[in-house]
Amino acid sequence: MPHLTSAPESSAPTDPAAPSAFSDFSDIDGFLRIPRLTSLAAGPDGRAVAAIQEADEHGAKLVSSLWELDPEGEQPARRLTFSAQGESSPHFASDGSLLFSSARPDPQGEVEEDASAIWRLPRTGEAVVVASAPAGLTLLAVAESGSMLAATSVLPGGTLEDDAERRTARQDAKQTTIWHTGMPIRQWDHEIGDSSRRLVLVSEGGDLTDLTPDVGTVTLNTASADLSPDGATVATSWTQRVGGGETRGSIVLIDTATLRRVVLVQGDDEAQYDSPQFSRDGRHLAVIRSTASSPTDTSYGRLEIHPIGGGDPVTAQLGDLSIGEVEWATDGTLLVAGDLHSSGAILAIDPATGEARSVARDGVFSALAPAPDGSLLALRSDVGTPARPLRIPAADVVTQRSDSTARELPAPGAARELPAPGAVAALPGTLEWVQTDVDGVGVGGWLCVPASASAASPAPAMLWIHGGPHGSYNAWSWRWCPWLAVERGYAVLMPDPAMSTGYGDAGLNRGWPRRPDVVFRECEALFDAVLERPELDGTRTAMLGASFGGFMANWIAGHTDRFDAIVTHAGLWALEQQHRTTDAAASKMRVHRHEDEDPDWYRAYSPHRAADSITTPMLVTHGNRDYRVPISEALRLWWDLVSGWDGPPQTMPHRFLQLTSENHWVLTPSNALAWNRAVLAFCDQHVLGGDPIPEVLPW
């Protein structure tokens, strides 16, 4: 048995006195109604604003509102917006007013119903519409000059000027056709080709200039873009179709006055580029370079700093950190947040040398918002803590001292948490990092154990395998929250096996190309090691996973009977089928090739090949609008399970929860409520010997 090492027990930092703090994890509906912080904005006058999502009355959707936070961390947050439609994408203008996107009703009646417009909220007074478009506007960036960059869409072959009329005619005719001329044709949960995404320059007065009037339906579909501080240049990712169903991503600069385009960095067969970010002086552009995956190597991300005026780029020295988010600090330092060693960090990059220094660690950080005074706003999360807003002092953000000596990491606790809704007061168990050795490699994971577990009353155990496969169980999740299961009495192990993020190139490539046997060997070894504990019951176990984790669940079901129940969400089943029908077909076929070219891989690793060996009860859950793992995977799996059952139909243990309006994730709160209840009830039945789930559910 591999030797197990563990870190001391810990629990999430909490504020039991906070009025909005949540602690009753038996109340799944209440859990899903906890406010969720999603983004931050730092203003020129010291203001801080957060976008916070909450479920509406019926649990039909999440609605975002804007809240002002006290940057000193002394006063409670103050809600600024209240519409039923919600507000998002907060940005501050140079005059201190707050800009945001919203589909809220326009008192003047000039905005299309249900179309998102750009609004301005002054320090005092009511919000007013700045600009609108027939298909809505999403605010992307604000220049110091006052101009704004936004995204919209128009019907193919049309213009901003005639788009409203053409949309009305198409709707009246109930026409839903899409004309395709190549790949891709889908993205996550929406079609590509029914509209053309455009980048729009918005003047302070609300005038719109279509910066990309001649693009097709693929060029800007997934584009990330930024506006230079002077408003003169837009940098955007630029996708072009090439042969074999592939695409190439480059970085293009657009002159906002002349619309002249220049390719700054050209994508090719070796790498593609995206996520451009202008430096505060407009002289440099940070971009992410992603290498092309192959049968022997996965895709690796590199953060590059390109001089706008020409010259060689500088590559950031990130070590094992996997890139998550990039922002420029006010002093010209480049900040990058990402996954690192089962947790996360923020690094400060010297743009001249690429050298990195830690700014923050021990948490997963997002929504980086550098403030004019040099401080940094960010959201911090971990497995036991939902995203909470932090203010990191300017002294901890700047790259160097005045004597040019590199600074060391400040002592933990230098950052200050800002009061905001959405705090969790107490967890129903302990959180611990555990690790073991597998084939000379240290494999770790987070172990959540219920407070009630003991040698006299050991807890049943769940093994959760994350998606990706490039991902990490290192932060709070609203979709897969282990504490709901811990409250129910289960211990939950969440490993970071082969191909997890935050462990450098070697970690990403270990187990490539997507070998479930390598991943399961590492996960099982860690699971077996923790099950030696007397407070855990190795005779009552379940395995759960989604996306790549769902693929793992499907493969594991046909290769072992050690688990009492298996839950698979959005899992791949028949790989010859999925690799051609996914929205990411080009990369899947590039890596795994045709089944006749690599028959041994498909024979060993496509889960459907072992369908006849499945004896473990399986709960299959899948969204109809999932284009990454199409519903056909679940339909074929369900047929194989049902048709392969030899006993009376009423004794079949397998179940299928179909989510007809969901995509790759379960985003609607009411559907998430039903999903969580179904998952826990299924595990209770087959792991704990609970009551059978009724044929008709009241959820």
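Going by the structure above, here's the rest.
To keep things clear, this report deals only with the structure shown in the data block.

Below, the discussion takes up empty space enclosed by the protein. Per the stated rule, a full pass over the model turns up two cavities of 30 Å³ or more. There is about 90 Å³ of room inside the largest cavity. As for the largest cavity, its lining consists of Met462, Trp464, Arg479, Trp480, Cys481, Leu484, Ala485, Leu544, Trp675, Asn676, Val679 and Leu680. Among the secondary structure elements, those contributing two or more residues to the lining of the largest cavity are strand 34 (459-465), helix 4 (482-487) and helix 12 (669-687). Per-element tally for the lining of the largest cavity: the top contributor is helix 12, with four residues. Size it by volume and the second largest cavity reaches roughly 40 Å³. Taken together, Val383, Tyr473, Ala475, Trp476, Ser477, Trp480, Pro482 and Met494 make up the lining of the second largest cavity. A class-by-class count of the residues in the lining of the second largest cavity yields seven nonpolar, one polar and no charged.

Before going further, it helps to spend a moment on the packing of aromatic side chains. Within the structure shown, the criterion is met by 16 aromatic pairs. On the numbers, 5.7 Å between centres and 70° between planes, the contact of tryptophan 476 with tryptophan 478 is edge-to-face. Each member of the pair, tryptophan 476 together with tryptophan 478, is buried. Counting every residue linked through ring pairs, the aromatic cluster contains Phe22, Phe25, Phe31, Trp476 and Trp478. Note that arginine 186 overlies the ring of tyrosine 627, its terminal NZ or CZ placed 3.6 Å from the centroid. Its guanidinium or amino end placed over the ring of tryptophan 188, arginine 628 lies 3.8 Å from that ring's centre, counting from NZ or CZ.

This next bit is on unusual backbone geometry. In this chain, methionine 183 is followed by proline 184 through a cis amide linkage whose omega measures 0°. Position of proline 184 among the secondary structure elements: in the loop between helix 2 (163-172) and strand 12 (186-187). In this model, tryptophan 512 is joined to proline 513 through a cis peptide bond whose omega is 5°. Structurally, the position occupied by proline 513 is in the loop between helix 5 (504-509) and helix 6 (516-530). In the Ramachandran plot, serine 89 falls in the positive-phi region, its phi being about 50° despite a non-glycine side chain. Following the sequence through the fold, serine 89 ends up in strand 6 (residues 87-92). Taking relative accessible area as the criterion, serine 89 reaches 22% and is therefore assigned partly exposed. Of note in the backbone geometry, serine 275 takes a positive phi value of approximately 60° without being a glycine. Assignment of secondary structure puts serine 275 in strand 20 (residues 271-278).

Conventions used here
- Residues numbered from 1 in each chain as written.
- Predicted model: local features only at pLDDT ≥ 70, side-chain atom pairs only at ≥ 80, totals over all residues.
- Heavy atoms only, no water.
- 1 Å grid on protein atoms, 1.4 Å probe; cavity = no way out; pocket = protein on both sides within 12 Å on 5 of 7 lines; lining within 4 Å.
- Points joined across faces, edges and corners; volume = space filled by probe spheres on them.
- Helix = DSSP H or I, 4+ residues; strand = E, 2+ residues; numbered from the N terminus.
- Nonpolar A, V, L, I, M, F, W, Y, C, P; charged D, E, K, R; others polar.
- Phe/Tyr/Trp six-rings, centres within 6.5 Å; stacked < 30°, edge-to-face > 60°.
- Buried < 20%, exposed > 50% of the residue type's maximum accessible area, 1.4 Å probe, protein only.
- Lys NZ or Arg CZ within 6 Å of the ring centre and 35° of its normal.

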